[in-house]
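# Observations on the model geometry
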Amino acid sequence: MASRENFGSKLGVTLAAAGSAVGLGNIWRFPIETGQNGGAAYIIVYIACIIILGIPIMISEFAIGRRSRRNTAGAYEALAPGTQWKWIGRLGVFTGFIIFCYYTVVAGWTLEYSALAIGNAFEGKTAEDYKTIFSEFAGHPIKPLVWMAVMFLLTHIIIVKGVTSGIEKYSKLMMPVLFIIVIILVYCSVTLPKASEGLDFLLKPDFSKITGNTILNAMGQAFFSLSLGLGCLCTYASYFAKDTNLTKTALNVCGIDTFIAVMAGFIIFPAVFNAGYQLQPSDVGPSLIFITLPSIFQESFSQMPIVGYIFAVMFYLLLVVAALTSTISIHEVVNAYIQEEWHLTRSQAAWVVTGICMFLGFFSCWSFGWLSDFKIFGMTVFDLFDFCASNIFLPVGGMLISIFTGWRLDKKMLKAELSNEGSLKVPLFGVYTFILKFIAPLAIGLVLLNQLGLFKLL
Ligand code: TRP
């Protein structure tokens, strides 16, 4: 693997990994989960999940990736040659493939909504109109396909450019843009006249709202949001330099990801409460962002339409940027595998991934149109991909990664990797391995059984 590329700078490493983590999961899924699970109390549970599970598993993915310097399937083969552990990596590649086929659909919608926002299409519309706009667009046989294809091609172009001049360069460009947009949007939202109710909701925990399910939801969300469980960060770590501090990078990435998720709450809830809107159970999935929010933006800024206009444009552009840095990372997991294991060039591998995923992506797109009645196990293609990936494959992947690192990986080697061959201190190494051996597999096992409806906590 002599010709393998590396990330060029420490900042590049952090921003690329943070770019993978910060995505639609932060801005779309986190706020709605917070809304439905009691606000501040949920955020506290979520942060606990990040600290107890997220950080150790992220460090493990980093260690596995950098030690082996291979794609995620090759990594396990390199570290445990001739064993079945390579299936963890293969499962990851497969999961990445599935996620790519539906995540990009939503990413495509963010492009359409950016275009709508820029064209001021939301002006003077009623709540009913937003529903129609969304269902007509998502159900259209061609339009969402075109936007999805644009998203695939943007991702493809960046991937083909390579690790340093593609992934790293564009992460360095897009992440600062993302931070700036987030800060401006938070400012606009918290200065709305009735923002304080939304702030109370985010800052005053009501612990009576915490149930077993809250904890399990928070754990699942933490996984998805941190890009854990499918070898995404393992693949990125295979491009880390020898002197990259893995623990510090993991802490930075978890910190940035959580910060952006919480800030997304600070963008959305003050506006939601300002408009006097009560979140409905139906505000899950696409509808919060694409139906409810345009109407709330409109209402919140009705006194200052120009601010409302800018707010909407920036909000949807924020989603585009967040989605793109994540689709790149998912593409790279599959791409690195195909390139290295099938001995193709980077560009050939990228075409294989883009081509197949785009084809399957059409079917997830059409789940909102003419294929909406086509169900497998009672789910549309889109829902099936989402369910299998986030509720089954990611937790299984995460559990296996912690078991592999906790039980199979040589502890001396692990310590050498985390300490950069002894040049860094590794505080709490015992706590870290204890979590990986016992706590993480058990906790994730519970989430998994709960997701499958086989077990109900509390
Ligand atoms: N973490 C991203 C988000 O929050 C999505 C994502 C990118 C992802 N790579 C992943 C999720 C790997 C699971 C696994 O939107």
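Presented here is an overview of the structure given in this document. (Residues numbered from 1 in each chain as written. Predicted model: local features only at pLDDT ≥ 70, side-chain atom pairs only at ≥ 80, totals over all residues. Heavy atoms only, no water.)

### Some remarks on empty space enclosed by the protein
The condition that has to hold: Here a cavity means grid points, on a 1 Å grid over the protein atoms only, where a 1.4 Å probe fits yet cannot get out; a pocket means an open set of points with protein on both sides within 12 Å along at least five of seven lines; lining residues are those with an atom within 4 Å of a point. Grid points are joined across faces, edges and corners, and a volume is the space filled by probe spheres set on the points. In this description a helix means any DSSP run of H or I spanning at least four residues, a strand means any run of E spanning at least two, and both kinds are numbered starting from the N terminus. Gly is put with the polar residues, along with every residue not named as nonpolar or charged; the nonpolar set is Ala, Val, Leu, Ile, Met, Phe, Trp, Tyr, Cys and Pro, and the charged set is Asp, Glu, Lys and Arg.
Enumeration according to the criterion identifies 1 cavity of 30 Å³ or more in this entry. In this structure, the largest cavity spans a volume of roughly 150 Å³. Taken together, 19 residues line the largest cavity, and the ones lying closest to its centre are Ser20, Tyr103, Phe224, Ser227 and Ile330. Contributions of two or more residues to the lining of the largest cavity are made by helix H1 (10-21), helix H2 (24-36), helix H5 (86-118), helix H10 (212-225) and helix H14 (305-341). Grouping the constituent residues of the lining of the largest cavity by class yields 11 nonpolar, 8 polar and no charged.

### Overview of the layout of surface pockets
The volume enclosed by the largest pocket comes to roughly 870 Å³. What lines the largest pocket is a set of 36 residues, and nearest its centre among them are Arg29, Glu33, Asp386, Ser390 and Asn391. When residues in the lining of the largest pocket are grouped by element, the largest group, 8 residues, is from helix H16 (residues 381-408). A breakdown of the residues in the lining of the largest pocket according to their chemical character gives 19 nonpolar, 13 polar and 4 charged.

### Comments concerning the pattern of salt bridges
Rule in force here: Definition used for salt bridges: Asp or Glu carboxyl oxygen within 4 Å of a side-chain nitrogen of Lys or Arg. The rule is simple: take the accessible area with a 1.4 Å probe, protein chains only, and divide by the maximum for that residue type; under 20% is buried, over 50% is exposed, in between is partly exposed.
Counted under the stated rule, the structure contains 13 salt bridges. Across the pair aspartate 243 and lysine 10 runs a salt bridge, and its minimum N-O distance is 3.8 Å. In this pair, aspartate 243 sits in the loop between helix H11 (232-237) and helix H12 (246-274) while lysine 10 sits in helix H1, placing the two residues 233 residues apart along the sequence. Classification of aspartate 243 as partly exposed rests on a relative accessible area of 48%. For lysine 10, a relative accessible area of 53% translates into the label exposed. Across the pair glutamate 332 and arginine 346 runs a salt bridge whose closest N-O atoms are separated by 2.6 Å.

By themselves, these observations are geometric and do not establish any function.
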